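Reading the structure
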Amino acid sequence: MRQPLVAGNWKMNGSKADAADLVNGIKAGAGNIRKAEVALCPPFPYLPIVENLLAGSSIRWGSQDVSSETDGAFTGQVSARMIHEFGCTYAIIGHSERRMFNAESDATIAKKYQQALAVGLTPILCVGESLEEREHGKTEEVVARHLDAVLEGIGAEAIGSGVIAYEPVWAIGTGVTATPEQAQEVHAFLRQRIAAKSQAHADAVRILYGGSMKPGNAMELIGQGDIDGGLIGGAALKASDFLAICAAA
Ligand code: 3PY
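1. Overview of the overall build of the protein
Each helix and strand in the protein was counted, giving twelve helices and eight strands. For 249 residues, the compact-globule estimate of 2.2 N^0.38 gives 18 Å, and the protein sits close to it at 17 Å. Put simply, the protein has 249 residues, and 53% of those count as buried. Residue pairs at least 24 apart in sequence account for 72% of intrachain contacts in the protein once pairs closer than 6 positions are excluded. In the form shown here, the protein has an accessible surface area of approximately 10700 Å², with 51% of it arising from carbon and sulfur atoms. Of the charged side chains in the protein, 21 are positive and 28 negative, and the gap between their average positions amounts to 4 Å.

2. Re the packing of helix 1 (residues 16-29) against helix 12 (residues 239-248)
The description of two helices packed together rests on the angle between their axes and the distance between the axes. The N-to-C vectors of helix 1 and helix 12 enclose an angle of 40°; their axes lie 9 Å apart at closest approach. With respect to helix 12, the element helix 1 is oriented oblique. Both helix 1 and helix 12 take part in a crossing whose hand is right-handed. Residue-level inspection shows Leu-22, Gly-25, Ile-26 and Gly-29 of helix 1 in contact with helix 12, the latter providing Ala-239, Phe-242 and Leu-243. For the contact of helix 1 with helix 12, a count of residues per class yields five nonpolar, two polar and no charged.

3. Things to note about unusual backbone geometry
The phi dihedral of Lys-11 is positive, around 55°, even though this residue is not glycine. Positionally, Lys-11 belongs in the loop between strand 1 (5-9) and helix 1. The backbone phi angle of Ser-212 is positive, close to 60°, even though this residue is not glycine. With respect to the secondary-structure elements, Ser-212 resides in the loop between strand 7 (206-210) and helix 11 (215-222).

4. Observations concerning the site of the ligand
Taken together, the neighbourhood of the ligand is formed by Asn-9, Lys-11, His-95, Glu-167, Ile-172, Gly-173, Gly-211, Ser-212, Leu-231, Ile-232 and Gly-233. Within the backbone of Ser-212, one N or O atom sits 3.3 Å away from an oxygen atom of the ligand. Gly-233 places a main-chain nitrogen or oxygen 3.3 Å from an oxygen atom of the ligand. Starting from 230 Å² of accessible surface for the ligand in isolation, the protein chains cover 98%.

5. Thoughts on the nonpolar core
Within the largest apolar cluster, 66 residues are counted, with the highest numbers of intra-cluster contacts made by Ile-159, Ile-164, Leu-190, Tyr-209 and Phe-242. Of the residues forming this core, the biggest block, six residues, is contributed by helix 12. Setting aside residues up to four positions removed in sequence, Ile-164 forms contacts with Leu-125, Val-127, Leu-147, Ile-159, Leu-190, Ile-194, Val-205, Arg-206, Ile-207 and Leu-208. Ala-39, Cys-41, Ile-92 and Leu-208 belong to the second largest nonpolar core, which has twelve residues in total.

6. Observations regarding the side chain of Asn-217
The topology assignment puts Asn-217 in helix 11. Of the residues examined, Asn-217 reaches a relative accessible area of 14% and is grouped as buried. Apart from residues lying up to four places away in sequence, Asn-217 is in contact with Thr-177 and Ser-212.

7. Considering the packing of helix 7 (residues 139-151) against helix 9 (residues 180-195)
Their axes nearest at 10 Å, the elements helix 7 and helix 9 cross at an angle of 40°. Classified by the angle between their axes, helix 7 and helix 9 sit oblique to one another. In terms of crossing hand, the pair formed by helix 7 and helix 9 is right-handed. Listed contacts from helix 9 to Thr-139, Glu-140, Val-143, Ala-144, Leu-147, Asp-148 and Leu-151 of helix 7 are Val-186, Phe-189, Leu-190, Arg-193 and Ile-194. Considering only residue class, the contact of helix 7 with helix 9 consists of eight nonpolar, one polar and three charged.

Scoring rules and cut-offs
- Per chain, residue numbering runs from 1 following the sequence as it is written.
- It should be noted that, the model being predicted, local features are given only for residues of pLDDT at least 70 and side-chain atom pairs only at 80 or more, the latter also being counted only at that level, while totals for whole chains, interfaces and linings use all residues.
- Side-chain descriptors were evaluated using all non-hydrogen atoms of the structure, hydrogens and water having been removed beforehand.
- Strands are runs of DSSP state E lasting at least 2 residues, helices are runs of H or I lasting at least 4, and numbering of each runs from the N terminus.
- With C-alpha atoms as the basis for the radius of gyration, the globule rule is written as 2.2 Å multiplied by the number of residues raised to the power 0.38.
- Each residue gets one of three labels from its accessible area relative to the maximum for its type: buried under 20%, exposed over 50%, partly exposed in between, using a 1.4 Å probe on protein chains only.
- Every residue pair with non-hydrogen atoms within 4.5 Å of one another is taken to be in contact.
- Under the convention used here, a 1.4 Å probe and the Shrake-Rupley method define accessible areas, while residue burial counts only the protein chains that appear.
- The sign given to each residue is positive for Lys and Arg and negative for Asp and Glu; His and the chain ends receive no count.
- Every charge is mapped to an atom, namely NZ of Lys, CZ of Arg, CG of Asp or CD of Glu.
- Axis definition: a line fitted to C-alpha atoms, over the contacting stretch in the case of helices. Angles run 0 to 180 degrees between N-to-C directions.
- For classification, angles of less than 35 degrees are called roughly parallel, those exceeding 145 degrees roughly antiparallel, those between 65 and 115 degrees roughly perpendicular, and all remaining angles oblique.
- For any pair of crossing helices, the crossing counts as left-handed if the nearer helix is rotated counterclockwise from the farther one by less than a right angle, and right-handed if it is rotated clockwise.
- Each residue is assigned to one of three groups, with Ala, Val, Leu, Ile, Met, Phe, Trp, Tyr, Cys and Pro labelled nonpolar, Asp, Glu, Lys and Arg labelled charged, and all others, Gly among them, labelled polar.
- Residues are classed as near a molecule or strand on a simple rule: at least one heavy atom within 4 Å of it.
- Under this definition, polar contacts are N or O atom pairs within 3.5 Å; protein pairs additionally need one hydrogen-donor-capable and one acceptor-capable atom, and for neighbouring residues in sequence, both atoms have to be side-chain atoms.
- Side-chain atoms within 4.5 Å link the members of a nonpolar core, which is a set of buried Ala, Val, Leu, Ile, Met, Phe, Trp, Tyr and Cys residues.

What follows is the structure, given as C-alpha coordinates:
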(Lines give C-alpha, C1' and ligand atoms only; values in the text may rest on other atoms or scores of the structure.)
Protein backbone atom coordinates (compact mmCIF):
# COMPACT_ATOMS: atom_id res chain seq x y z
CA MET A 1 0.00 0.00 0.00
CA ARG A 2 1.50 3.33 -1.07
CA GLN A 3 0.85 6.20 1.33
CA PRO A 4 -0.43 9.20 -0.66
CA LEU A 5 1.84 12.23 -0.69
CA VAL A 6 0.55 15.76 -1.15
CA ALA A 7 3.37 18.25 -1.69
CA GLY A 8 2.88 22.00 -2.07
CA ASN A 9 5.09 23.72 -4.63
CA TRP A 10 4.97 27.37 -3.61
CA LYS A 11 7.10 28.42 -6.59
CA MET A 12 8.42 32.04 -6.27
CA ASN A 13 5.52 33.44 -4.27
CA GLY A 14 4.91 35.21 -0.98
CA SER A 15 6.90 37.00 1.67
CA LYS A 16 8.41 35.95 5.01
CA ALA A 17 5.14 36.86 6.71
CA ASP A 18 3.06 34.97 4.10
CA ALA A 19 5.24 31.88 4.52
CA ALA A 20 4.72 31.88 8.29
CA ASP A 21 0.96 32.46 7.95
CA LEU A 22 0.62 29.65 5.44
CA VAL A 23 2.56 27.15 7.55
CA ASN A 24 0.61 28.10 10.67
CA GLY A 25 -2.69 27.80 8.81
CA ILE A 26 -1.78 24.36 7.47
CA LYS A 27 -0.56 23.21 10.89
CA ALA A 28 -3.79 24.37 12.51
CA GLY A 29 -5.95 22.35 10.10
CA ALA A 30 -3.76 19.27 9.77
CA GLY A 31 -5.87 17.29 12.25
CA ASN A 32 -8.36 16.42 9.48
CA ILE A 33 -5.76 14.70 7.31
CA ARG A 34 -6.36 10.96 7.59
CA LYS A 35 -3.97 9.21 5.27
CA ALA A 36 -1.75 11.53 3.34
CA GLU A 37 1.83 12.46 4.04
CA VAL A 38 2.13 16.23 3.59
CA ALA A 39 5.13 18.27 2.46
CA LEU A 40 5.70 21.98 1.80
CA CYS A 41 8.27 23.23 -0.71
CA PRO A 42 8.84 26.98 -0.17
CA PRO A 43 11.39 29.19 -1.95
CA PHE A 44 14.95 28.65 -0.60
CA PRO A 45 15.10 31.72 1.70
CA TYR A 46 11.95 30.66 3.54
CA LEU A 47 13.24 27.17 4.40
CA PRO A 48 14.46 28.23 7.89
CA ILE A 49 11.03 29.70 8.68
CA VAL A 50 9.31 26.51 7.58
CA GLU A 51 11.86 24.37 9.43
CA ASN A 52 11.34 26.29 12.68
CA LEU A 53 7.57 26.23 12.48
CA LEU A 54 7.28 22.56 11.47
CA ALA A 55 9.89 21.13 13.87
CA GLY A 56 8.20 18.32 15.79
CA SER A 57 5.15 18.15 13.49
CA SER A 58 4.46 15.31 11.05
CA ILE A 59 4.44 17.73 8.10
CA ARG A 60 7.63 17.55 6.05
CA TRP A 61 9.29 20.11 3.83
CA GLY A 62 11.58 20.31 0.85
CA SER A 63 13.20 22.52 -1.77
CA GLN A 64 12.11 23.30 -5.32
CA ASP A 65 15.52 22.51 -6.85
CA VAL A 66 19.10 21.52 -6.01
CA SER A 67 22.36 22.22 -7.81
CA SER A 68 23.77 19.54 -10.07
CA GLU A 69 27.16 20.25 -8.45
CA THR A 70 28.46 19.34 -5.01
CA ASP A 71 30.10 22.67 -4.09
CA GLY A 72 32.47 25.33 -5.43
CA ALA A 73 32.31 28.27 -7.83
CA PHE A 74 28.66 28.09 -8.86
CA THR A 75 27.30 31.56 -8.10
CA GLY A 76 23.65 31.60 -7.17
CA GLN A 77 23.29 27.84 -6.85
CA VAL A 78 22.31 25.91 -3.71
CA SER A 79 23.69 22.44 -3.06
CA ALA A 80 21.74 19.40 -1.93
CA ARG A 81 23.87 19.27 1.22
CA MET A 82 22.90 22.84 2.14
CA ILE A 83 19.24 22.05 1.64
CA HIS A 84 19.56 18.92 3.74
CA GLU A 85 20.98 21.07 6.55
CA PHE A 86 17.60 22.78 6.80
CA GLY A 87 15.87 19.53 7.65
CA CYS A 88 14.38 18.97 4.21
CA THR A 89 13.03 15.55 3.30
CA TYR A 90 12.25 16.29 -0.35
CA ALA A 91 13.70 18.15 -3.33
CA ILE A 92 11.69 18.82 -6.48
CA ILE A 93 13.87 18.06 -9.50
CA GLY A 94 13.27 18.93 -13.16
CA HIS A 95 10.07 20.94 -12.83
CA SER A 96 8.91 22.00 -16.32
CA GLU A 97 9.43 25.66 -15.37
CA ARG A 98 13.11 24.89 -14.77
CA ARG A 99 13.35 22.84 -17.96
CA MET A 100 11.79 25.79 -19.81
CA PHE A 101 13.21 28.93 -18.17
CA ASN A 102 16.58 27.55 -17.05
CA ALA A 103 17.18 25.27 -20.03
CA GLU A 104 17.70 22.24 -17.82
CA SER A 105 18.52 19.15 -19.85
CA ASP A 106 17.71 15.55 -18.94
CA ALA A 107 21.43 15.03 -18.23
CA THR A 108 21.51 17.96 -15.76
CA ILE A 109 18.32 16.75 -14.13
CA ALA A 110 19.79 13.26 -13.69
CA LYS A 111 22.82 14.84 -11.98
CA LYS A 112 20.57 16.84 -9.67
CA TYR A 113 18.62 13.69 -8.84
CA GLN A 114 21.84 11.94 -7.91
CA GLN A 115 23.00 14.89 -5.80
CA ALA A 116 19.75 14.81 -3.85
CA LEU A 117 19.93 11.06 -3.23
CA ALA A 118 23.58 11.26 -2.21
CA VAL A 119 22.80 13.48 0.80
CA GLY A 120 19.65 11.61 1.84
CA LEU A 121 17.01 13.82 0.25
CA THR A 122 14.10 12.19 -1.58
CA PRO A 123 13.95 13.63 -5.09
CA ILE A 124 10.56 14.35 -6.68
CA LEU A 125 11.26 13.94 -10.39
CA CYS A 126 8.87 15.94 -12.61
CA VAL A 127 8.02 14.61 -16.04
CA GLY A 128 5.45 15.83 -18.55
CA GLU A 129 4.66 16.77 -22.12
CA SER A 130 3.73 20.10 -23.70
CA LEU A 131 0.41 20.65 -25.45
CA GLU A 132 2.11 20.44 -28.83
CA GLU A 133 3.75 17.15 -27.92
CA ARG A 134 0.41 15.73 -26.73
CA GLU A 135 -1.33 16.87 -29.89
CA HIS A 136 1.35 15.14 -31.96
CA GLY A 137 0.84 11.90 -30.04
CA LYS A 138 4.22 12.19 -28.33
CA THR A 139 3.15 12.04 -24.68
CA GLU A 140 4.61 8.60 -23.97
CA GLU A 141 7.80 9.33 -25.90
CA VAL A 142 8.40 12.52 -23.88
CA VAL A 143 7.61 11.17 -20.42
CA ALA A 144 9.65 8.04 -21.20
CA ARG A 145 12.63 10.24 -22.10
CA HIS A 146 12.27 12.24 -18.87
CA LEU A 147 11.97 9.05 -16.81
CA ASP A 148 14.77 7.21 -18.60
CA ALA A 149 17.28 9.94 -17.81
CA VAL A 150 17.15 8.55 -14.26
CA LEU A 151 15.85 5.00 -14.83
CA GLU A 152 18.42 4.12 -17.50
CA GLY A 153 21.06 6.64 -16.44
CA ILE A 154 21.16 5.84 -12.71
CA GLY A 155 19.01 2.74 -12.25
CA ALA A 156 15.68 1.36 -11.05
CA GLU A 157 16.78 1.53 -7.42
CA ALA A 158 17.29 5.29 -7.76
CA ILE A 159 13.75 5.64 -9.11
CA GLY A 160 12.47 3.43 -6.30
CA SER A 161 14.13 5.74 -3.77
CA GLY A 162 12.38 8.81 -5.13
CA VAL A 163 8.95 10.08 -6.10
CA ILE A 164 7.73 10.87 -9.62
CA ALA A 165 5.37 13.72 -10.48
CA TYR A 166 3.54 13.61 -13.79
CA GLU A 167 2.88 17.24 -14.65
CA PRO A 168 1.51 17.84 -18.14
CA VAL A 169 2.92 21.25 -19.07
CA TRP A 170 -0.42 22.27 -20.62
CA ALA A 171 -2.06 21.88 -17.21
CA ILE A 172 0.44 23.95 -15.23
CA GLY A 173 -0.81 27.35 -14.15
CA THR A 174 -3.51 27.23 -16.85
CA GLY A 175 -6.43 26.09 -14.73
CA VAL A 176 -6.84 23.18 -17.19
CA THR A 177 -6.48 19.79 -15.53
CA ALA A 178 -5.87 16.43 -17.19
CA THR A 179 -8.96 14.27 -16.82
CA PRO A 180 -8.54 11.44 -14.30
CA GLU A 181 -8.49 9.00 -17.24
CA GLN A 182 -5.80 10.96 -19.14
CA ALA A 183 -3.66 11.19 -16.02
CA GLN A 184 -4.17 7.54 -15.04
CA GLU A 185 -3.13 6.42 -18.52
CA VAL A 186 0.23 8.20 -18.25
CA HIS A 187 0.78 7.10 -14.64
CA ALA A 188 0.15 3.46 -15.61
CA PHE A 189 2.56 3.83 -18.54
CA LEU A 190 5.28 5.19 -16.23
CA ARG A 191 4.76 2.41 -13.70
CA GLN A 192 4.88 -0.27 -16.41
CA ARG A 193 8.11 1.18 -17.74
CA ILE A 194 9.68 0.93 -14.27
CA ALA A 195 8.22 -2.58 -13.84
CA ALA A 196 10.12 -3.69 -16.94
CA LYS A 197 13.28 -3.06 -14.89
CA SER A 198 12.03 -3.88 -11.40
CA GLN A 199 8.52 -4.89 -10.36
CA ALA A 200 9.32 -4.19 -6.70
CA HIS A 201 10.38 -0.59 -7.36
CA ALA A 202 7.42 -0.05 -9.71
CA ASP A 203 5.02 -1.24 -7.00
CA ALA A 204 6.65 0.93 -4.34
CA VAL A 205 7.26 4.23 -6.12
CA ARG A 206 4.73 7.00 -5.62
CA ILE A 207 3.63 8.78 -8.79
CA LEU A 208 1.98 12.14 -8.06
CA TYR A 209 -0.18 14.15 -10.43
CA GLY A 210 0.55 17.85 -10.80
CA GLY A 211 -1.09 20.50 -12.90
CA SER A 212 -4.00 22.56 -11.60
CA MET A 213 -5.01 20.00 -8.97
CA LYS A 214 -7.57 21.68 -6.69
CA PRO A 215 -10.07 20.71 -3.98
CA GLY A 216 -12.77 20.08 -6.60
CA ASN A 217 -10.84 17.50 -8.62
CA ALA A 218 -8.35 16.04 -6.13
CA MET A 219 -10.44 13.13 -4.90
CA GLU A 220 -11.24 11.83 -8.38
CA LEU A 221 -7.65 12.16 -9.56
CA ILE A 222 -6.11 10.57 -6.47
CA GLY A 223 -8.79 7.85 -6.61
CA GLN A 224 -7.16 6.44 -9.75
CA GLY A 225 -5.15 3.27 -9.21
CA ASP A 226 -1.77 4.68 -10.19
CA ILE A 227 -2.13 8.22 -8.83
CA ASP A 228 -0.53 8.40 -5.40
CA GLY A 229 -1.08 12.03 -4.50
CA GLY A 230 -0.42 15.47 -5.90
CA LEU A 231 2.22 18.11 -6.46
CA ILE A 232 0.16 21.22 -5.94
CA GLY A 233 0.84 24.65 -7.43
CA GLY A 234 -1.59 27.56 -6.98
CA ALA A 235 -3.88 25.73 -4.55
CA ALA A 236 -0.90 25.20 -2.21
CA LEU A 237 -0.81 28.94 -1.49
CA LYS A 238 -4.15 28.97 0.33
CA ALA A 239 -4.22 26.92 3.54
CA SER A 240 -7.90 25.96 3.21
CA ASP A 241 -7.51 24.73 -0.40
CA PHE A 242 -4.32 22.85 0.33
CA LEU A 243 -5.84 21.23 3.43
CA ALA A 244 -8.93 20.19 1.43
CA ILE A 245 -6.68 18.41 -1.08
CA CYS A 246 -4.71 16.74 1.73
CA ALA A 247 -7.95 15.57 3.35
CA ALA A 248 -9.20 14.18 0.01
CA ALA A 249 -6.06 12.11 -0.53
C1 3PY B 1 1.11 23.36 -10.79
O2 3PY B 1 0.17 22.69 -10.36
O3 3PY B 1 0.93 24.43 -11.37
C4 3PY B 1 2.49 22.91 -10.61
O5 3PY B 1 3.34 23.29 -11.38
C6 3PY B 1 2.85 22.05 -9.46
O7 3PY B 1 4.22 21.80 -9.41
